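Residue-level structural notes
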Amino acid sequence: MKKLLTVSILTLIICQASIMESFSQNLKGDHEFSAGAGFVTTDQIIGVLIDITRTLGTLGYVQSDNVNYTGAFYFNYRYYISPKVAAGLSLVADKASGDLVDNDDNMLGHFKRNAVTIAPEMTLSYVNNKSFRLYGLIGVGYTIGNEKSTNDIGEDNYTAKYNHFNFQISPIAFRVGGRIGAFAEIGFGYKGIIGAGINGYF
């Protein structure tokens, strides 16, 4: 009985390992689609610098208040060149809005910022099996950003552009699930310091 139980357990372990290895191998040639959201992005940091510059440039008269960062929403496509290496493209939309007040907190107007980033990316999987993947990613792209402000009665005041090159480095990221799963990424760049979402292989 003990031998039968031992053989059964070993057979189960071998079958499970075989399934995991098969899934890893089958990733080659697969397409991955992802949707997620990230926070504390490079463009949010640039927005803070814009606010500081505006306040300094007006000697403290115009200040930003009630600033709302919605986070960066992104969509990814990746193609698996091998079971561990994928290349693809990321599209990121980053938004912020707030009020403009004077140094006595009187309302002067409002502003909205929009930044769209397009970036090629590559990922490298450190651990890759059926239910868990540990990986890192790097991306370099270009951001088209603008800030539009209106005065207190809603009339356009000005529109400023801040286009620039951008990047993302996420050395630690993981995914759980089978063909459909959830992921989280930690790093710095256009997707933020931390991001999470869902994705699937097809």
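Residues numbered from 1 in each chain as written. Predicted model: local features only at pLDDT ≥ 70, side-chain atom pairs only at ≥ 80, totals over all residues. Heavy atoms only, no water.

**Looking at the overall build of the chain**
Keep this limit in mind: Strands here are runs of E lasting at least two residues and helices are runs of H or I lasting at least four, both read from the DSSP assignment and numbered beginning at the N terminus. Three exposure classes are used, based on accessible area relative to the maximum for each residue type with a 1.4 Å probe and protein chains only: buried under 20%, partly exposed in between, and exposed over 50%. Each accessible area is a Shrake-Rupley estimate made with a 1.4 Å probe; only the visible protein chains count as cover when residues are assessed.
In terms of regular secondary structure, the chain is built from two helices and nine strands. Mapped in sequence order, the helices and strands of the chain form the string α-β-α-β-β-β-β-β-β-β-β. Out of the 202 residues belonging to the chain, those deemed buried represent 38%. Carbon and sulfur atoms form 70% of the exposed surface of the chain, whose accessible area is close to 11200 Å².

**Remarks on the packing of aromatic side chains**
The description of two aromatic rings rests on the distance between their centres and on the angle between their planes. Basically, it comes down to this: Side-chain rings of Phe, Tyr and Trp, where Trp is taken by its six-membered ring, are said to pair if the distance between their centres is within 6.5 Å; with planes under 30 degrees apart they count as stacked, over 60 as edge-to-face, and otherwise as tilted. Lysine and arginine charges are scored as sitting over a ring when NZ or CZ, respectively, is within 6 Å of the ring centre and within 35 degrees of the ring normal.
As enumerated under the stated definition, the model contains six aromatic pairs in all. Residues phenylalanine 33 and tyrosine 77 carry aromatic rings whose centres are separated by 5.2 Å and whose planes lie at 50° to one another, so their mutual orientation is tilted. One end of the pair, phenylalanine 33, is in strand β1 (residues 31-39); the other, tyrosine 77, is in strand β2 (residues 63-80), and 44 residues separate them in sequence. On the accessibility criterion, phenylalanine 33 (44% relative accessible area) is partly exposed. With centroids separated by 6.5 Å and ring planes inclined at 20°, the aromatic side chains of phenylalanine 132 and phenylalanine 174 adopt a geometry described as stacked. Taken together, the residues span a long stretch of sequence, with phenylalanine 132 in strand β5 (residues 132-151) and phenylalanine 174 in strand β7 (residues 164-177) at a distance of 42 residues. Residue classification places phenylalanine 132 among the partly exposed positions, given a relative accessible area of 33%. Between arginine 54 and the ring centre of phenylalanine 111, over which it is positioned, the NZ or CZ distance is 5.4 Å.

**Regarding unusual backbone geometry**
Within the chain, valine 40 stands out as a residue other than glycine whose phi angle is a positive 60°. Within the secondary structure, valine 40 sits in the loop between β1 and α2 (42-57).

**Here's the deal with the pairing of strand β3 (residues 85-101)**
Convention followed: We call two strands paired when DSSP finds no fewer than two bridges between them.
Two elements, β2 and β3, share 15 bridges in a ladder whose sense is antiparallel. Directly across from serine 64, in β3, lies its bridge partner leucine 100. If you look at the hairpin formed by β2 and β3, you'll find four residues sitting between the two strands. Between the end of β3 and the start of strand β4 (residues 107-128), which pair antiparallel, lie five residues, with aspartate 105 showing a positive phi angle near 65°.

**Concerning the side chain of threonine 143**
Put simply, the test is: Here, residues are in contact when the closest pair of their heavy atoms is within 4.5 Å.
In this structure, threonine 143 sits in strand β5. A relative accessible area of 0% means that threonine 143 is categorised as buried. Not counting the four nearest positions on each side in its chain, threonine 143 is found in contact with Asp43, Ala115, Val116, Thr117, Tyr162, Asn163, His164 and Asn166.

**Focus: α2**
Spelled out, the test is: The span one expects for a helix is its residue count, reduced by one, times 1.5 Å.
Relative to the 22 Å expected for 16 residues at 1.5 Å per residue, α2 spans 22 Å between its end C-alpha atoms, a close match to the ideal helical length. The complete set of buried residues in α2 reads Thr42, Asp43, Gln44, Gly47, Asp51 and Arg54. Taken from the residues just after α2, leucine 59 is the one with a positive phi, measuring 55°.

**Brief notes about empty space enclosed by the protein**
Basically, it comes down to this: In this analysis a 1.4 Å probe is tested at points of a 1 Å grid over the protein atoms alone, and where it fits but cannot get out there is a cavity; an open set with protein on both sides within 12 Å along at least five of seven lines is a pocket; lining residues have an atom within 4 Å of a point. Grid points are joined across faces, edges and corners, and a volume is the space filled by probe spheres set on the points.
Under the definition given, this model contains two cavities of 30 Å³ or more. Volume-wise, the largest cavity comes out at about 50 Å³. Around the largest cavity, the lining residues are Asp43, Gln44, Tyr69, Asp94, Lys95, Ala96, Arg113, Ala115 and Tyr162. If you list the elements that add at least two residues to the lining of the largest cavity, you get α2, β3 and β4.

**Thoughts on the confidence of the model for the chain**
For clarity, the threshold we go by: Scored from 0 to 100, pLDDT records how confident the predictor is in each individual residue.
In this model, the chain carries a mean pLDDT of 86, and residues with pLDDT of at least 70 account for 86%. Within the model, pLDDT remains below 50 along residues 2-25, and this stretch shows 12 contacts once partners closer than five positions in the same chain are excluded.

**Observations regarding the nonpolar core**
The condition that has to hold: Take the buried Ala, Val, Leu, Ile, Met, Phe, Trp, Tyr and Cys residues and link them wherever side-chain atoms come within 4.5 Å; each set so joined is a nonpolar core.
The biggest cluster of nonpolar side chains holds nine residues, and these are Ala72, Tyr74, Val92, Ala119, Tyr135, Leu137, Ala173, Phe183 and Tyr190. Taken together, the elements giving at least two residues each to this core come down to β2 and β5.

**Considerations on the pattern of salt bridges**
Using the following cut-off: Salt bridge criterion: a side-chain nitrogen from Lys or Arg within 4 Å of a carboxyl oxygen from Asp or Glu.
Scanning the model with the defined rule gives 10 salt bridges in all. Each of Glu32, Arg78, Glu121, Arg133, Glu185 and Lys191 takes part in a single network of salt bridges with overlapping partners.

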